[in-house]
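The lines below spell out each chain.
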Amino acid sequence: MACLIFFMQCGFAFLEAGSVRSKNTTNILIKNFLDICIGSVFYWGVGYAFAFGPGGNAFIGSDWYFMYNMPSDQVDDWFFQFVFAATAATIVSGSMAERTEFVAYLVYSVILTGFIYPVVTHWAWSDDGWLTEMPNNPQIAFDDFAGSAVVHILGGSVALIGAVMLGPRIGRFDANGKPITIHGHTVPFAALGGFILFLGFLGFNGGSQGSISNDGDGVVVAESIVNTVLSGGVAALCALIIKQTFYKGNQWSLLTTINGGLTGMVSICAGCDSVSRWGAAVIGFVAGCLFILVSKLVLKVHIDDPLDAVAVHLSGGFWGIIAVTIFARDTGIVFTWDSDSFLSLLWNFTGAISIFTWSVATSLIMFGTMKAFNILRVHPTIEKKGLDIAKHGEPAYPLTAYGHGWNMNNYVDKDIETGTYTDGYVHVWLRSRMDTYTYGYVTQNSRIQFSFKSILTLCSSPVKDNPKDEASLTPSVPTIHSVEERSTNINNSASNLNKDYKMSASTASIDTIPEHIRLEGSQQFAERLQLGVVNNGMVSDNESDSTQEAVAY
């Protein structure tokens, strides 16, 4: 089961990578990978000792640093607890995505997995923690089976403070404070991450039993898994229907469905072992509604959370830690309505508020210190251009890696060359794969059609003025330049072409081509291009008097 939870890091990586812009993909992926690396080292060094070390007090554990003197039968528990710690750290990276200094990530990842999270774990799950039993009521214990509070309230609280201290991404809100949607660059990545996280939650919740060989273990694991599926499913459907019914556009949102489902699975963590199936469904329903509400509220107060980590983990965690005291079989408020059930609600609420307060206080100190030393947020120029190249030198999608040398159809390998003469025509040659030329000319009332697949630069060749002499018009030295070739010579040429010809098979007037994109042409050619519009998609062929489309592939 712990290996399934470990695999959740892959799910978080895909979900976060799909939800950010392509220019920040490498940055978010390395953070998810390093959550495992940093977490393993510092949880080995001090984290597990603070959480479960036999020395210490009700606040923090001690002993077993670097596993020294730790019994060998505790090693399996170390691994299980470590993947929980790594999950808590990963929650934070999503809310702070696309504008955090990398050194700031390293600092908060170390402190979170090595200190902030282990202290809370000690409170709730160790034998010595102060939440283990209620004072004067030892029969009342903090009930958080799989971490609604310990993992998700903590992770969501740190994520909230991190997002607030950072401030929103450039362009996230307009001058009037109205939110502007910043889309992630690949929905399939986000969807794949969602599938992996759904799978991982089955291990997260089912594996929290900690054993499968004792009497009754199998039943607890099975019930935990089934309740997780039900709560997540109901929450996903609830969020989907609310989004479609009450929001502008009436659209069926995949990303809302994924996040709603994750909120349901977060909410059921605390009570997946003890609630009935209908209770899991109710918990999921409320979780789906809560996700929509909190996600909207976060934007209302101008907090930029690219992954909705606050809505998913903080709100879901709070609801889950309360819900278990309401719907737990035999002991919940709806079943017993006695003093113990209400005391259990009070104690769980006390624990949730304590974990939230601890997380917020330590996060304010941690992020506030980094902000004071100006190491929390990247420079605005780097934020606008993207972190991948500036911080890592490894763009996720390098332009030089695209393209091939194969001819895919009759059009792919045709190049277009143009020239202009005193007769006022723009002359066009379509070069075939055998280096023969088809001649035609375009008047001011015709149009050239461009394809987004690969736009070739219009360029001129010095030939004679007679447009009717095809032999004399064949260029002696073709000067064809692809977008990739131009990008090495002219700054931003590829991005300018992309900007001006965004749509596949779009049409554009020749005179809309930016001035610097016509550098190869002669001054006479440039002036001719500015004369008028090219309108019709047809080039007259002087050999057959037929017409053919002039397409730049």
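Residues numbered from 1 in each chain as written. Predicted model: local features only at pLDDT ≥ 70, side-chain atom pairs only at ≥ 80, totals over all residues. Heavy atoms only, no water.

(A) Highlighting the overall build of the protein. Along its length, the protein carries 18 helices and nine strands. Across the 553 residues that make up the protein, the buried fraction comes to 53%. Counted over contacts in the protein with a minimum sequence separation of 6, partners at least 24 positions apart contribute 73%. With the model as given, the accessible surface of the protein reaches about 24,700 Å², and the carbon-plus-sulfur share is 61%. (Helix = DSSP H or I, 4+ residues; strand = E, 2+ residues; numbered from the N terminus. Buried < 20%, exposed > 50% of the residue type's maximum accessible area, 1.4 Å probe, protein only. Contact = heavy atoms within 4.5 Å. Areas by Shrake-Rupley, 256 points an atom, 1.4 Å probe, with all protein chains shown as cover.)

(B) Local environment of the confidence of the model for the protein. Predicted confidence across the protein gives a mean pLDDT of 79, with 73% of residues reaching 70 or more. A low-confidence stretch, residues 410–553 (pLDDT under 50), is modelled with 262 contacts involving residues beyond four sequence positions or located in other chains. (pLDDT = per-residue confidence, 0-100.)

(C) Spatial organisation of the side chain of D308. Relative to the elements of secondary structure, D308 occurs in the loop between helix 9 (277–300) and helix 10 (309–327). At 7.0 Å, R172 is the nearest oppositely charged side chain to D308, a buried residue that forms no salt bridge. When residues no more than four places from it in sequence are discounted, the contact partners of D308 are N259, F291 and S295. (Lys, Arg positive; Asp, Glu negative; His and termini not counted. Salt bridge = Lys/Arg side-chain N within 4 Å of Asp/Glu carboxyl O.)

(D) Structural view of the environment of N374. For N374, the position within the fold is in the loop between helix 12 (339–372) and helix 13 (380–385). Residues N374 and A104, 270 residues apart in the sequence, show an inter-C-alpha distance of 9.7 Å.

(E) Just the side chain of Q81, in detail. On the secondary structure map, Q81 appears in helix 3 (residues 75–95). Given a relative accessible area of 8%, Q81 falls into the buried group. The contacts of Q81, once residues within four sequence positions are left out, are Y43, Y48, F52, Y117, T121 and W125.

(F) Main features of the packing of helix 3 against helix 5 (residues 148–166). Interhelical geometry of helix 3 versus helix 5 gives an angle of 30° and a closest axis separation of 8 Å. Of the possible angle classes, the one that applies to helix 3 and helix 5 is roughly parallel. At the point where helix 3 passes helix 5, the crossing takes the right-handed sense. Across from F84, T87, A88, I91, V92 and S95 in helix 3, the residues of helix 5 making contact are V151, H152, L154, G155, G156, V158, A159 and A163. The class makeup of the residues in the contact of helix 3 with helix 5 is nine nonpolar, five polar and no charged. (Axes fitted to C-alpha atoms, helices over the stretch in contact; angles between N-to-C directions. Parallel < 35°, antiparallel > 145°, perpendicular 65-115°, else oblique. Left-handed = near helix turned anticlockwise from the far one by under 90°. Nonpolar A, V, L, I, M, F, W, Y, C, P; charged D, E, K, R; others polar.)

(G) Local environment of the layout of surface pockets. By volume, the second largest pocket amounts to about 1,300 Å³. Lining the second largest pocket are 35 residues; nearest its centre among them are R172, T181, K243, T256 and L299. Listing elements by their share of the lining of the second largest pocket, those giving two or more residues are helix 1 (2–19), helix 8 (254–267) and helix 9. Counting residues per element, the lining of the second largest pocket draws most heavily on helix 9, which supplies seven residues. The residue makeup of the lining of the second largest pocket, split by class, is 15 nonpolar, 11 polar and nine charged. (1 Å grid on protein atoms, 1.4 Å probe; cavity = no way out; pocket = protein on both sides within 12 Å on 5 of 7 lines; lining within 4 Å. Points joined across faces, edges and corners; volume = space filled by probe spheres on them.)

(H) Main features of the packing of aromatic side chains. All told, the structure shown has 28 aromatic pairs when counted by the stated rule. Look at F50 and F115: their rings are 6.1 Å apart centre to centre, the planes differ by 85°, and that puts the pair in the edge-to-face class. Separated by 65 residues along the polypeptide, F50 in helix 2 (residues 25–52) and F115 in helix 4 (residues 102–125) bring together distant segments of the chain. Judged by its relative accessible area of 16%, F50 is buried. Aromatic side chains F59 and W358 sit 5.5 Å apart centroid to centroid with 80° between the ring planes, which places their arrangement in the edge-to-face category. Of this pair, F59 sits in the loop between strand 1 (55–56) and strand 2 (61–62) while W358 sits in helix 12; the two residues are 299 residues apart in sequence, bridging distant segments of the chain. You can call F59 partly exposed: its relative accessible area is 35%. Through a chain of ring-to-ring contacts, three or more aromatic side chains come together here, namely F6, Y43, Y48, F52, W64, W78, F79 and F82. (Phe/Tyr/Trp six-rings, centres within 6.5 Å; stacked < 30°, edge-to-face > 60°.)

(I) Fine view of empty space enclosed by the protein. A complete count under the given rule lists three cavities of 30 Å³ or more for this structure. There is about 120 Å³ of room inside the largest cavity. The set of elements that each furnish at least two residues to the lining of the largest cavity consists of helix 1, helix 3, helix 6 (187–206), helix 8 and helix 10. Of the residues assigned to the lining of the largest cavity, the class counts are nine nonpolar, four polar and one charged.

(J) Just the packing of helix 9 against helix 10, in detail. In the contact formed by helix 9 and helix 10, the axes pass within 9 Å of each other and the chain directions differ by 145°. Between helix 9 and helix 10 lies a crossing of right-handed hand. For the pair formed by helix 9 and helix 10, the contact residues are W278, G279, V282, I283, V286, A287, L290, F291, V294, S295 and V298 on the first element and V310, A311, V312, S315, W319, A323 and F327 on the second.

(K) Region of the structure containing the pattern of salt bridges. Following the criterion strictly, the structure yields eight salt bridges and no others. Each of R21, E98, R169, R172 and D304 takes part in a single network of salt bridges with overlapping partners.

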